[in-house]
Amino acid sequence: MIVLHPGDNRVLNAIQNEAAELSIPLEVRPDDHFYCEIEEFAEWARGRKRTVMEDFYRHMRRKHNVLMTSSGDPVGGEWNYDSENRESFGKGGPGKVKPPCSFQADDITQDAIRMVERRFADHPGTCEHFDLPVTHKQARALLRDFIKHRLPQFGKWQDAIWMDEPLLYHSRLSFALNLHLISPRDCVDAAVAAYDAGEAPINSVEGFVRQILGWREFVRGIYWKEMPSYIERNELWCGDVDVPSCFWDGKTDMRCVCDAMQSVLKHGYAHHIQRLMVLGLFSQLVGVHPRRFHDWHMAMYVDAIDWVSLPNTLGMSQYGDGGIVGTKPYCASGNYINKMSNCCSDCRFNPKEATGEDACPFTTLYWDFLDRHRDQFSKEPRMKLQMRNLDRKDDEEMQAIRLQASRVKDFVKTEMRD
Ligand SMILES: Cc1cc2nc3c(=O)[nH]c(=O)nc-3n(C[C@H](O)[C@H](O)[C@H](O)COP(=O)(O)OP(=O)(O)OC[C@H]3O[C@@H](n4cnc5c(N)ncnc54)[C@H](O)[C@@H]3O)c2cc1C
Ligand code: SF4
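Along every chain, residues carry numbers that run from 1 in the direction the sequence is written. Here the convention is simple: chains get letters from A, ligands get numbers from 1, in the order in which they are written. Where local features are concerned, this predicted model is filtered to residues with pLDDT of at least 70; where side-chain atom pairs are given and counted, the filter is 80 or more; whole-chain, interface and lining totals use all residues.

> Honestly, the domain arrangement of the chain in this entry has me stumped. Any pointers?
Interfaces are often described in size by the accessible area the parts lose on coming together. Once the domains are mapped, the chain shows domain 1 (1-30), domain 2 (38-226) and domain 3 (246-417). Domains are outlined according to an automatic or database domain assignment. Relative to domain 3, the C-alpha centre of domain 2 lies at a distance of 24 Å. Contact between residues is assigned whenever the C-beta positions, reconstructed from backbone atoms, fall within 7 Å. Facing the 27 residues of domain 2 at the interface are 30 residues of domain 3. Here a helix means four or more residues in a row that DSSP labels H or I, a strand means two or more in a row labelled E, and each is numbered from the N terminus. Listed by contribution, the elements that provide at least two residues to the side of domain 2 that touches domain 3 are α7 (174-178) and α9 (202-226). Here the side of domain 2 that touches domain 3 gets 5 residues from one element, more than from any other, and that element is α9. The class makeup of the residues in the side of domain 2 that touches domain 3 is 14 nonpolar, 9 polar and 4 charged. The nonpolar class holds Ala, Val, Leu, Ile, Met, Phe, Trp, Tyr, Cys and Pro. Asp, Glu, Lys and Arg form the charged class, and all remaining residues, Gly among them, are polar.

> I'm lost on the nonpolar core in this one. Help?
As a rule of thumb, nonpolar side chains are buried together in soluble globular proteins. Think of a nonpolar core as buried Ala, Val, Leu, Ile, Met, Phe, Trp, Tyr and Cys residues, each tied to the set through C-beta atoms within 7 Å. Each residue is classed by its C-beta neighbour count within 10 Å, where at least 20 other C-beta atoms makes it buried, 12 or fewer makes it exposed, and intermediate counts make it partly exposed; the C-beta atoms are placed from backbone geometry. Ranked by internal contacts, the top residues of the largest apolar core, which has 94 residues, are Ala191, Val209, Val278 and Leu285. A total of 9 residues in this core trace back to one element, the largest contributor, which is helix α12 (residues 272-286). The residues touching Val209, leaving out its near neighbours within four places in the chain, are Val66, Leu67, Val188, Ala191 and Val192.

> Just to check I follow, could you spell out the packing of α9 against helix α14 (residues 306-317) for this structure?
Helices that pack against each other are described as a pair by the angle of their axes relative to one another and the distance between those axes. Only the stretch in contact is used when fitting a helix axis, every axis being a line fitted to C-alpha atoms; angles between N-to-C directions are given from 0 to 180 degrees. Viewed as axis vectors pointing N to C, α9 and α14 meet at an angle of 90 degrees, and their least axial separation amounts to 8 Å. Taken together, the axes of α9 and α14 are roughly perpendicular relative to one another. Taking contact as the criterion, the partners of Val219, Arg220, Ile222 and Tyr223 in α9 are, on α14, Trp307, Val308, Leu310, Pro311, Asn312 and Gly315. Along the lines of polarity and charge, the residues of the contact of α9 with α14 split into 7 nonpolar, 2 polar and 1 charged. Oblique is the label for any angle not under 35 degrees, not over 145, and not in the 65 to 115 range, which are roughly parallel, roughly antiparallel and roughly perpendicular in turn.

> Help me understand the site of ligand 1 in this model?
Contact assignment follows one rule, namely that a residue is near a molecule or strand if its backbone-placed C-beta atom lies within 6 Å of it. Around ligand 1 lies a shell of 28 residues, among which His170, Ser171, Ser174, Gln211 and Asn312 are the nearest. Elements represented by at least two residues in the shell around ligand 1 include exactly α7, α9, α12 and α14. Residues of the shell around ligand 1, tallied by class, amount to 11 nonpolar, 13 polar and 4 charged. Domain assignment of the residues forming the shell around ligand 1 places at least three in each of domain 2 (38-226) and domain 3 (246-417).

> I would appreciate a short explanation of unusual backbone geometry in the present structure.
In terms of backbone geometry, most residues other than glycine have negative phi values and most peptide bonds are trans. That bond from Met227 to Pro228 is cis: its omega, 10 degrees, falls within 30 degrees of zero. Within the secondary structure, Pro228 is located in the loop between α9 and α10 (246-249). In this model, Trp237 sits at a positive phi of 50 degrees, which is unusual for a non-glycine residue. If you trace the backbone, Trp237 turns up in the loop between α9 and α10.

Shown next as structure tokens:
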């Protein structure tokens, strides 16, 4: 039996066990839909004290000669334009963002939609807005549309959020990439061609290339290197807390969560920063078990496959792996969301307040989170500033924060039981 390497360790084991039981010879062929083979990543990682994405990314840029000059330097002079990828929109907002091209469902897709609606009527979400590509040709059209209309602004506003704008300048290509409708090489080559033609700036093109040639390949390598034990990791010792009920129905007064959830429920999609700095952040601050956050993510997103969801949820977002994917926990208060979005101006909570009636749950839980992990985080040089700010809070303030945080967490847990 010859099979393509699956994207889920559980599936690989099931195939291997079945083949062994039936005494069928099995050949698992590499998936050429990635730049880096699993063994190649393991080889790169061997002997390294830490597997840092940036090191891997530079290795990939050199190896595949992407955005490199003939003298072996990165195009534009820098490897990474991350510092130019963090602008917010300001009061004026993103302006008129062109909606992505959408695709009319063909007969087969309509049949599938009807079947999902019939069989899973009581599940969260809806198929009403389904407009994704289902063929290679359509996926290429989506890529062209992104390159022309959104790539030029992608870099600058990669981290920004704006209410009722689920896509902004992102590509929405993850689903098509993960289902092999389009190859990562097509996406990288098209972005580099746009740079060469002077149609997109380097911070956008490098930012996009970094996501695909860097992060996407890196998390896959980590998944296969660390599995099967990776899924059990829980480095912040979270108890058996489940995701809040608003992660299933979107019903909450927290505007940032509500807005991100509308996108998840309508499109099975939220852009990266909503996943990381809104839904993932809330989950982390409340103390949801990382595996439960991953299970929820697998149930809700159209692009979720084990190899990519697990390192992103358990690793990057929840720091459940203790720093294998990310180099430090991505944690922030409501002030970060306020800076990067317009959600807070429309919210009943105040991102600046950690205690009292109007306190933003993110801000309360942020200080409580740092306080709970004080010993662990104090050893992390990149968290020095955050820990120093925590140390400035006096005992009385910390008591009030702890009390308010425990009320928020109790509320989340009671909601889950109801
Ligand atoms: C908590 C959390 C869970 C995630 N789960 C998934 C998942 O199940 N499936 C998935 O494909 N991505 C996942 N990501 C990564 C990323 O958020 C999505 O790939 C991205 O939001 C998809 O939207 P897009 O196609 O518009 O991406 P864009 O912002 O346009 O980025 C371009 C492409 O880069 C790739 N990419 C970017 N970041 C990552 C990353 N961290 N890991 C892997 N690929 C990346 C994707 O293929 C994406 O299509 C997750 C991130 C977080 C923080
Ligand atoms: S105030 Fe807090 S809960 Fe409300 S939108 Fe801002 S960050 Fe989210």
